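Working through the structure, step by step
The primary structure of each chain is shown beneath.
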Amino acid sequence: MVTYVVTILLVVFAGIKVFHYRYQMKQAPSPKQLSRLVLSTLKRGQSDHE
Amino acid sequence: MMKKIAVTLRPYNRVPFAYQKLKICRNCRHFTVLGERDCMSCGKASALQSVEKKAAGIVRRDHWLTGLVWLLLSLIGLLFSSSSLQTVLVIAAGAAVAALLWTLQKRLTPALRRMQLQKMFQQYRYELASGLAIDHQAAIRVFQEGDKPRTYEMLREIGSLVHNDQLKLEQIMLLQTFQLRKDMDLMIEPLLMDSFNTDLVSYIGEIAKIRRDLIKENTFRYVLLHEMRILSMPSGEAILAAVAGAAVRKDRYMTMYPYLLTRYARFLPKDRFLRLFKYAKSARSGPLYDEVMRIYEEKYKWEPDFQNT
Ligand SMILES: [Zn+2]
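Residues numbered from 1 in each chain as written. Chains lettered and ligands numbered in written order. Predicted model: local features only at pLDDT ≥ 70, side-chain atom pairs only at ≥ 80, totals over all residues. Heavy atoms only, no water.

Taken together, the contacts link 47 residues of chain B with 34 residues of chain A. Roughly 3700 Å² of surface becomes buried between chain B and chain A when both sides are summed, with 76% attributable to carbon and sulfur atoms. Of all residues in chain B, B:Leu73, B:Arg114 and B:Met115 bury the most surface against chain A, accounting for 15% of the area lost on that side. On inspection of chain B and its partner chain A, the count reaches one salt bridge. One salt bridge in this structure joins B:Asp62 and A:Lys17, with 3.6 Å as the shortest N-O distance. (Contact = heavy atoms within 4.5 Å. Buried area = accessible area lost by both parts, 1.4 Å probe. Salt bridge = Lys/Arg side-chain N within 4 Å of Asp/Glu carboxyl O.)

Take a look at the structure:
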């Protein structure tokens with residue numbers, strides 16, 4: 001009985017992971033977007049300091 | 001005029017993307033572009049780590065955790081299996097899940113790392129901004145200690161991420177106190193500002209003389225935009241002529257900026273004018289052609305260099 005439950009858990013775990021990875025892949029920014037994020041954060045940060 | 005000092009500048013380390021210059025402290029999450037290993041904020045030794053390494057570490061830890069859960073479930077399944085059918089079932093499911101997750105992880109690791117970087121930059125935006133402000137203060141301290149070249153190098157690093165006129169101006173002011181040489185790792189486009197600035201224009205003039213290759217579209221656009229104000233500077237005409245001399249370097253620039261060349265062709269040195277002459281001759285018409293031919297008739301008609309072109 002335990003073995004069946006565990007097998008199902010394994011499959012469910014894999015499903016969640018796959019779903020999670022797919023989501024992350026779609027959301028992941030390009031290196032260019034990352035640069036832009038940092039530059040805009042620092043631009044705002046600088047004007048806060050002034 | 002202030003006496004310029006001879007300096008040696010360390011080469012600038014260029015990276016494909018600006019954020020790759022950032023380091024983060026493992027201990028206090030202080031961000032910096034300056035420190036090599038030790039944290040300037042909390043003082044901990046060898047605590048700095050590049051943000052990319054940090055993100056890679058988080059992703060790796062996540063992969064390990066996934067692997068651990070997989071191992072645990074597979075082991076429990078095997079331990080409790082009461083028949084060979086169950087054993088085969090667990091092994092098959094475990095192997096299939098492992099293959100699937102391993103392939104996905106392998107393929108998605110770069111994207112997952114970028115995701116982590118985004119999280120890091122968003123979560124610690126305050127630390128990021130204050131970290132770079134602390135870097136700037138450190139540069140000012142070095143300046144007050146009298147080490148100008150090192151100050152410039154620090155400002156150059158900070159300037160790769162912080163794009164504001166004050167920082168650009170500070171760099172230009174320092175550069176103007178140095179004896180600039182051809183072999184120095186200099187830059188110009190990152191220092192261009194929106195507004196007119198005489199120090200920037202003087203710097204452009206110097207670069208146009210020693211490193212023509214650094215003068216590109218944005219610089220041409222800048223000098224054309226502020227041409228009238230540059231002309232009101234004592235050496236304004238010479239600077240514009242030097243920039244025109246840089247435009248002669250490529251056919252593309254000569255096509256793009258005929259106005260600049262028409263206005264300042266007269267002030268070009270002979271070798272520059274010869275290049276322009278060859279280009280204008282192939283174009284055969286237009287105001288630039290007329291002006292070049294006029295100058296040729298006046299100054300170079302009997303020069304042997306101009307005969308066989
Ligand atoms: Zn620290």
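Moving on, we get to the coordination of the zinc ion. The reference angle at a metal is 109.5 degrees if four donors form a tetrahedron and 90 or 180 degrees if six donors form an octahedron. All names here are of chain B. For the zinc ion, the full set of protein donor atoms is Cys-25 (SG), Cys-28 (SG), Cys-39 (SG) and Cys-42 (SG), at a range of 2.2 to 2.3 Å. For the zinc ion, the four donor atoms in the first shell make angles of 107 to 112° at the metal, so the coordination geometry reads as tetrahedral. Each donor residue of the zinc ion lies on the same chain, and together they follow the pattern C-x2-C-x10-C-x2-C. We classify Cys-28 as partly exposed; its relative accessible area is 31%. (Donors = N, O, S within 2.8 Å, 3.2 Å for Na, K, Ca; no water. Tetrahedral: all angles 85-135°; square planar, octahedral: opposite > 155°, others 65-115°. Buried < 20%, exposed > 50% of the residue type's maximum accessible area, 1.4 Å probe, protein only.)

Within the secondary structure, B:Gly94 is located in helix H2 (residues 84-123). Spatially, the C-alpha atom of B:Gly94 lies 26 Å from that of B:Arg113, the residues being 19 residues apart in sequence. Ignoring sequence-local partners within four residues, the contact set of B:Gly94 consists of A:Leu10, B:Trp70 and B:Ser74. (Helix = DSSP H or I, 4+ residues; strand = E, 2+ residues; numbered from the N terminus.)

A word on the nonpolar core. Nonpolar side chains in soluble globular proteins tend to end up buried together. Among the nonpolar cores identified, the biggest contains 88 residues, and B:Leu22, B:Phe121, B:Phe273 and B:Leu276 are the most heavily contacted of them. Two domains each donate at least three residues to this core, and these are domain 1 (1-181) and domain 2 (187-309) of chain B. Non-local contacts of B:Leu22, meaning those with residues more than four positions away in its chain, are made with A:Val38, B:Phe31, B:Thr32, B:Val33, B:Ser50, B:Val51, B:Phe121, B:Leu128, B:Leu132 and B:Leu161. In this structure, A:Val6, A:Ala14, B:Leu101 and B:Leu112 belong to the second largest nonpolar core, which totals 13 residues. (Core = buried A, V, L, I, M, F, W, Y, C linked by side-chain atoms within 4.5 Å. Domains from an automatic or database assignment.)

Before going further, it helps to spend a moment on the domain arrangement of chain B. Residue and element names in this part refer to chain B. Here chain B is partitioned into domain 1 (1-181) and domain 2 (187-309). Distance between the C-alpha centres of domain 1 and domain 2: 43 Å. Listed by partner, the interface residues are 15 residues for domain 1 and 14 residues for domain 2. Between domain 1 and domain 2 lies a buried interface of about 1200 Å² when both sides are counted; carbon and sulfur atoms form 65% of it. Where domain 1 touches domain 2, the interface holds one salt bridge. For the interface between domain 1 and domain 2, the tally reads two residue pairs in polar contact (both at pLDDT 80 or more). Element by element, the count of residues in the side of domain 1 that touches domain 2 is highest for helix H5 (residues 165-175), at seven residues. Looking at the side of domain 1 that touches domain 2, its residues break down into seven nonpolar, two polar and six charged. (Polar contact = N/O pair within 3.5 Å; in protein donor to acceptor, adjacent residues only side chain to side chain. Nonpolar A, V, L, I, M, F, W, Y, C, P; charged D, E, K, R; others polar.)

Parts of the model with low pLDDT should not have their predicted coordinates read in detail. When pLDDT is averaged across chain B, the result is 92; 99% of the residues are at 70 or more. The ipTM assigned to the predicted complex is 0.88, against a pTM of 0.85. (pLDDT = per-residue confidence, 0-100.)

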